[in-house]
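Working through the structure, step by step
As a plain string of letters, each chain reads:
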Amino acid sequence: MLELAILGLLHETPMHGYELRKRLLALLGAIRAAFSYGSLYPTLKRMRQRGLIAEETPREGAAETPLLTGRRARKVYRLTPEGKEHFAQLMADAGPESADEALFGVHFAFFSRTDPATRLRILEARRRRVEERRERMREALSRTAERLDAYGLELQRHGLETAEREVRWLNELIASEESRRPEQHIDFGEPFAGPGRHQAVAEQGTPDPASSAGDPNKQGKGGMRDG
């Protein structure tokens, strides 16, 4: 999860470690991104060794270089072409595990860089996962409602309502993704607009005999007048 999140953020712009950590916390929330420097920097090191990211030190005089402070310049991490390819592959290969709470949040955060088919697959997997959890909660509530006090009952109901809200939210997202399917096209490349289009084209392209300059009847009448 952490590697995928780092790749996604560095896909936007190079960052130093402290800025990267702040962005991870802001993007995923303090609970989902509950990691420390102790886990972030070893992960960055492994990714650098695999060629997924590159480490750079700002040139002397650059904005990131501390002047007359004796402090070392912050190392900046950027995504390599191999890292971009790996990120795209991770997103495209998202499997059932992408429906898990934390990993779904990471994938969803980078949906703008994910193809529509993959987005739809991840959303549907998450919906199935939440629906299963919702049904288990309903069954548990029906079995234990009589044994719970008022606060325990409200806690169970709150969990059930939370699952139901997420299912509705996912239904809306899935419907939105399905409505974005590419527009159908006819053979010569114009957008398909239904059967009425061909009728309109046919009517527009058919000359009106009564107004045609080449109408034999009109020519005949003209000839009679000329005579």
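What comes next is a walk through the structure. (Residues numbered from 1 in each chain as written. Predicted model: local features only at pLDDT ≥ 70, side-chain atom pairs only at ≥ 80, totals over all residues. Heavy atoms only, no water.)

**Brief notes about the overall build of the protein**
Condition: The helix count covers DSSP runs of H or I at least four residues long, the strand count covers runs of E at least two residues long, and both are numbered beginning at the N terminus. Remark: exposure states derive from per-residue accessible area (1.4 Å probe, protein chains only) relative to the maximum for the residue type, with buried under 20%, exposed over 50%, and partly exposed in between. Whether two residues are in contact is decided by their heavy atoms: any pair within 4.5 Å suffices. Each accessible area value is a Shrake-Rupley result obtained with a 1.4 Å probe; residue values ignore everything except the protein chains displayed when judging cover.
From N to C terminus, the protein includes nine helices and three strands. When the helices and strands of the protein are placed in sequence order, the string is α-β-α-α-β-β-α-α-α-α-α-α. Put simply, the protein has 227 residues, and 31% of those count as buried. Partitioning the contacts of the protein with sequence separation of at least 6, the portion at a separation of at least 24 is 59%. As displayed, the protein offers around 15100 Å² of accessible surface, 52% of which is attributable to carbon and sulfur atoms.

**Here's the deal with the sheet that holds strand 1 (residues 15–16)**
The following threshold applies: In this scheme, strands are said to pair when DSSP sees at least two bridges between them.
Taken in spatial order, the three strands make up an open sheet running 1-3-2, and their pairing is antiparallel. Each edge of the sheet is formed by a strand with only one pairing partner; in this case those strands are strand 1 and strand 2 (53–56). Examined bridge by bridge, strand 1 and strand 3 (residues 76–79) share two bridges and lie antiparallel to one another. By the bridge assignment for strand 3, histidine 16 is matched with valine 76.

**Notes on the pattern of salt bridges**
It is possible for side chains bearing opposite charge to pair when their charged atoms get close. For the record, the criterion: Definition used for salt bridges: Asp or Glu carboxyl oxygen within 4 Å of a side-chain nitrogen of Lys or Arg.
One pass over the full model with this rule turns up 16 salt bridges. Here arginine 78 ties to glutamate 56 by a salt bridge, and the two come within 2.5 Å at their closest N and O atoms. Residue arginine 78 is located in strand 3, and its partner glutamate 56 is located in strand 2; the two are separated by 22 residues in the primary sequence. Given the relative accessible area of 31%, arginine 78 is considered partly exposed. By relative accessible area, glutamate 56 is classed as partly exposed at 35%.

**Here we look at the packing of helix 5 (residues 101–109) against helix 6 (residues 116–144)**
Put simply, the rule is: The axes are straight lines fitted to the C-alpha atoms, using for helices just the contacting stretch, and the angles between their N-to-C directions are given from 0 to 180°. Angle categories: roughly parallel below 35 degrees, roughly antiparallel above 145, roughly perpendicular from 65 to 115, and oblique for all the rest. A crossing counts as left-handed when the near helix is turned anticlockwise from the far one by less than a right angle, and as right-handed when that turn is clockwise. For this classification, the nonpolar set comprises Ala, Val, Leu, Ile, Met, Phe, Trp, Tyr, Cys and Pro, the charged set comprises Asp, Glu, Lys and Arg, and every other residue, Gly included, is treated as polar.
For the pair helix 5 and helix 6, interaxial distance at closest approach is 11 Å and the crossing angle is 150°. When the axis of helix 5 is compared with that of helix 6, the two are roughly antiparallel. The two elements helix 5 and helix 6 meet at a crossing, and its hand is left-handed. Together, Glu101, Phe104, His107 and Phe108 of helix 5 and Ile122, Leu123, Arg126 and Arg133 of helix 6 make up the contact between the two elements. Its residues assigned to classes, the contact of helix 5 with helix 6 comprises four nonpolar, one polar and three charged.

**Considering helix 1 (residues 2–10)**
Since the α-helix packs 3.6 residues into each turn, any two residues three or four apart lie on the same face. The buried fraction of helix 1 is high, at nine of nine residues. Of the residues making up helix 1, those classed as buried are Leu2, Glu3, Leu4, Ala5, Ile6, Leu7, Gly8, Leu9 and Leu10.

**A look at the packing of helix 6 against helix 7 (residues 150–179)**
In helix packing, the relevant descriptors are the interaxial angle and the interaxial distance, both defined with respect to the helix axes. Relative to each other, helix 6 and helix 7 sit at 155°, their axes nearing to 9 Å. When the axis of helix 6 is compared with that of helix 7, the two are roughly antiparallel. In the crossing of helix 6 with helix 7, the sense of the turn from one axis to the other is left-handed.

**As for the nonpolar core**
Rules: By nonpolar core we mean a set of buried residues, namely Ala, Val, Leu, Ile, Met, Phe, Trp, Tyr and Cys, connected to one another through side-chain atoms within 4.5 Å.
Formed by 23 residues in total, the largest nonpolar core has its most connected members in Ile6, Leu10, Leu20, Leu24, Leu44 and Ile53. Of all elements in the fold, only helix 1, helix 2 (17–32), helix 3 (37–49), strand 3, helix 4 (81–92) and helix 5 reach the threshold of two or more residues within this core. The greatest single-element share of this core, amounting to seven residues, is contributed by helix 1. Excluding residues that lie within four positions of it along the chain, isoleucine 6 makes contacts with Leu20, Leu24, Leu40, Thr43, Leu44 and Met47. Phe104, Leu120, Met137 and Leu160 belong to the second largest nonpolar core, which has 15 residues in total.

**Description of the pairing of strand 3**
Examined bridge by bridge, strand 2 and strand 3 share four bridges and lie antiparallel to one another. The residue of strand 3 that forms the bridge with alanine 54 is arginine 78.

**Some remarks on the environment of leucine 52**
Its place among the elements puts leucine 52 in the loop between helix 3 and strand 2. Separated by 29 residues in sequence, leucine 52 and proline 81 have C-alpha atoms that sit 7.6 Å apart. Once you skip the residues sitting within four places of it in the chain, leucine 52 turns out to touch Glu3, Leu7, Met47, Leu79, Thr80, Glu82, Gly83 and His86.

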